[in-house]
Amino acid sequence: VYGGYYSQKDVKEVVEYATSRGVNVVPEIEMPGHSVAAIAAYPELSCTGEQREVETEWGVFKDIYCAGNDHTFEFLKNVLDEVIELFPGKYIHIGGDEAPKVRWEQCSKCQKRIKDEGLHDEHELQSWFIQEIEKYLSSKGKQLIGWDEILEGGLADGAMVQSWRGMEGGIQAAESGHDVIMSPTSHCYFDYGLNSIDLKKVYSFYPVPSQLSDKEKEHVLGAECNMWSERAPYDLVDSKVFPRILAMSEVLWSDSVGRDFEEFYQRVQKHYPRLSALGVDYGLETDPISYATEVNDGKLELVINKGVPDLDIFYSTRDSTPTPSDTKVEEGIEVSSTGTYFVQAFKNDKSYGEPVAVEVTHHKAIGIIPEYGADFSFYYTGGGRTAMTNGLKGTLDFRDGNWQAFQYDDIELIFEVNGMDISSVETNFYQYNNSWVFLPEYVEYSLSLDGENYKFLGRVENETSPKKDGAFIESFKSEFKTHKGKYLKVKAKNMQYCPEWHEAAGSPTWLFIDEVIVK
Ligand SMILES: [Zn+2]
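Residues numbered from 1 in each chain as written. Predicted model: local features only at pLDDT ≥ 70, side-chain atom pairs only at ≥ 80, totals over all residues. Heavy atoms only, no water.

**A few points about the overall build of the protein chain**
Link 1 in the chain: Along the protein chain, the regular secondary structure elements total 13 helices and 22 strands.
Link 2 in the chain: For the protein chain, whose C-alpha radius of gyration is 26 Å, the value lies close to the compact-globule estimate of 24 Å for 519 residues.
Link 3 in the chain: C-alpha extents for the protein chain along the principal axes are approximately 70 × 60 × 45 Å.
Link 4 in the chain: Evaluated residue by residue, the protein chain yields a buried proportion of 49% over its 519 residues.
Link 5 in the chain: In the protein chain, the proportion of contacts linking residues at least 24 apart, taken out of those at least 6 apart, comes to 66%.
Link 6 in the chain: Accessible surface for the protein chain amounts to roughly 25600 Å². Of this, 48% is attributable to carbon and sulfur atoms.
Link 7 in the chain: Here the protein chain holds 50 positive side-chain charges and 86 negative ones, and the gap between their average locations is 1 Å. (Helix = DSSP H or I, 4+ residues; strand = E, 2+ residues; numbered from the N terminus. Rg over C-alpha atoms; globule rule 2.2 N^0.38 Å. Buried < 20%, exposed > 50% of the residue type's maximum accessible area, 1.4 Å probe, protein only. Contact = heavy atoms within 4.5 Å. Areas by Shrake-Rupley, 256 points an atom, 1.4 Å probe, with all protein chains shown as cover. Lys, Arg positive; Asp, Glu negative; His and termini not counted. Charge placed at Lys NZ, Arg CZ, Asp CG, Glu CD.)

This is the structure:
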């Protein structure tokens with residue numbers, strides 16, 4: 001699935017197999033970005049013309065096709081000719097997503113193109129690029145599909161938009177009379193884990209936004225679920241696709257009126273023997289254990305929920321997998337100090353799913369809801385405004401539901417601490433530069449008695465290189481002589497743009513924060 005190649009003979013076989021089952025195969029030939037493989041083979045297609053290696057890791061890369069070079073278009077049209085010949089369907093997907101503009105900004109050929117064509121900037125150059133391809137495809141009787149980035153700088157006339165960064169791109173396209181495929185990351189990305197998209201979440205998806213008029217709604221042709229395989233080795237693909245695709249199929253192929261998850265759930269159970277007979281290694285419907293904290297009457301409670309019925313859940317505070325002789329979870333567990341709870345689900349006395357270790361941090365600011373300077377992202381809410389002081393810290397999985405994220409904006413949080421003694425403040429941040437997530441440049445803590453005049457408690461500079469690869473968490477901690485105050489301010493400086501050396505140079509950076517620990 002990932003890597004390798006298809007010969008013309010292979011493609012013909014796939015298309016024939018699909019056609020005999022009423023399925024249309026739509027090829028996607030990525031441009032102008034996600035084209036490192038082509039550029040490694042033909043360096044003259046890039047702006048620099050320099051030889052580079054094929055990437056072996058997933059990501060967004062700054063070497064993209066040069067839009068100022070006529071040879072690029074000659075090459076792409078040749079490729080498309082071959083593709084058109086192989087795929088009899090009406091649609092050709094050309095990508096158009098995740099194309100950093102840094103090379104175009106520095107390329108004399110691209111800058112000349114912008115001038116010659118009377119364009120304003122590199123976004124309009126991308127739009128011009130896509131329009132050139134769109135004209136070519138439509139002259140061959142094909143319709144172009146592109147990811148929602150093709151809206152930036154103006155949409156090509158006959159283009160169809162596939163909306164992945166939420167539904168907004170799709171709405172915008174439908175409103176301007178273009179056809180749309182919905183595949184927002186929130187419901188349709190089956191490469192994501194069950195903690196962000198489980199069976200029920202998929203079933204709750206509705207691809208046609210209610211804000212569209214009846215005529216605009218007709219432009220929403222349907223949806224697609226995406227099984228990107230760069231983070232799912234081949235042997236995991238079945239378990240990620242099934243049973244979630246059953247929910248997506250029903251959502252797309254039936255009327256939404258009278259849709260009922262419980263009824264659907266019963267129908268799904270009947271599919272399992274069929275899937276087993278077909279050799280499908282299907283996965284779970286949801287995480288068997290989910291958890292959250294609640295603050296009731298100033299007391300912190302850990303609440304553990306069952307993902308599926310008929311489970312018994314046991315926990316222990318010893319570092320070992322609990323057994324049915326440990327404490328059974330019946331209600332919220334009161335947490336009075338920092339500790340780790342080891343939790344395991346059982347079904348018919350057999351362990352069900354993996355054990356889960358839940359670390360709960362008890363501290364003075366538990367339950368205090370801060371005022372926000374900038375709003376956090378719709379995609380990474382951490383569960384909302386209680387996320388910073390719920391006692392749960394974000395883990396190495398940045399989609400674990402605990403992290404709260406801010407794109408481009410700095411973080412400013414003000415907590416009403418009402419005269420408590422404070423001697424340290426500690427905040428966790430995340431870095432994963434491949435996903436444009438960086439540590440803050442610095443974090444500042446200050447206190448105020450009146451909410452207007454703040455006294456500096458401490459400033460923690462980031463000493464870790466933004467170039468440090470991989471995903472990791474870093475704590476920014478400031479300790480000081482005990483102070484009292486009414487308002488505690490936490491400010492974290494976002495880098496704002498991916499730096500020059502970064503493959504997505506110039507794209508807005510993410511700042512991921514979780515838990516502001518006050519002692
Ligand atoms: Zn160029």
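Still more ground to cover, so stick around.
**Describing the coordination of the zinc ion**
Link 1 in the chain: Taken together, the protein ligands of the zinc ion are Cys47 (SG), Cys66 (SG), Cys107 (SG) and Cys110 (SG), with distances of 2.3 Å.
Link 2 in the chain: Its four donor atoms give the zinc ion angles of 106 to 112° at the centre, a pattern that matches the tetrahedral case.
Link 3 in the chain: In primary sequence terms, the donor set of the zinc ion follows C-x18-C-x40-C-x2-C. In this pair, Cys47 is assigned in the loop between helix H2 (36–41) and helix H3 (70–86) and Cys107 in the loop between helix H4 (102–105) and helix H5 (108–116), connecting sequence segments 60 residues apart. Here Cys47 and Cys107 have matching classes, each one buried. (Donors = N, O, S within 2.8 Å, 3.2 Å for Na, K, Ca; no water. Tetrahedral: all angles 85-135°; square planar, octahedral: opposite > 155°, others 65-115°.)

**Points about the domain arrangement of the protein chain**
Link 1 in the chain: When its domains are assigned, the protein chain resolves into domain 1 (8–237), domain 2 (289–360) and domain 3 (371–518).
Link 2 in the chain: Placing the centre of domain 2 and that of domain 3 at their C-alpha centroids yields a distance of 28 Å.
Link 3 in the chain: With seven residues of domain 2 at the contact, the number on the domain 3 side is four residues.
Link 4 in the chain: Counting each side, the surface lost to burial between domain 2 and domain 3 is near 440 Å², with a carbon and sulfur contribution of 54%.
Link 5 in the chain: The largest per-residue losses of area from domain 2 upon contact with domain 3 belong to Tyr291, Thr293 and Glu359, which jointly make up 71% of the total buried on that side.
Link 6 in the chain: Remark: the boundary between domain 2 and domain 3 carries one salt bridge.
Link 7 in the chain: Of the charged contacts in the structure, one is a salt bridge between Lys393 and Glu359, with a shortest N-O distance of 3.5 Å.
Link 8 in the chain: For the pair domain 2 and domain 3, the number of links is one residue pair in polar contact (both at pLDDT 80 or more).
Link 9 in the chain: Elements represented by at least two residues in the side of domain 2 that touches domain 3 include exactly strand S7 (289–296) and strand S13 (350–360).
Link 10 in the chain: Each residue belonging to the side of domain 2 that touches domain 3 can be placed in one class, and the counts come to five nonpolar, one polar and one charged. (Domains from an automatic or database assignment. Buried area = accessible area lost by both parts, 1.4 Å probe. Salt bridge = Lys/Arg side-chain N within 4 Å of Asp/Glu carboxyl O. Polar contact = N/O pair within 3.5 Å; in protein donor to acceptor, adjacent residues only side chain to side chain. Nonpolar A, V, L, I, M, F, W, Y, C, P; charged D, E, K, R; others polar.)

**Regarding the environment of Ser351**
Link 1 in the chain: Along the chain, Ser351 turns up in strand S13.
Link 2 in the chain: Ser351 sits in the exposed class, given a relative accessible area of 51%.
Link 3 in the chain: Residues Ser351 and Thr321 lie 30 residues apart in sequence; the distance between their C-alpha atoms is 9.9 Å.
Link 4 in the chain: Ignoring sequence-local partners within four residues, the contact set of Ser351 consists of Gln344, Ala345 and Phe346.

**Observations concerning the side chain of Asp514**
Link 1 in the chain: Within the secondary structure, Asp514 sits in strand S22 (residues 510–518).
Link 2 in the chain: Put simply, Asp514 is tucked away with no salt bridge, and the nearest opposite charge, on Lys393, sits 8.9 Å away.
Link 3 in the chain: Those residues in contact with Asp514 that lie beyond four places of it in its chain are Ala387, Met388, Leu392, Lys393, Gly394, Asn402, Trp403 and Asn428.

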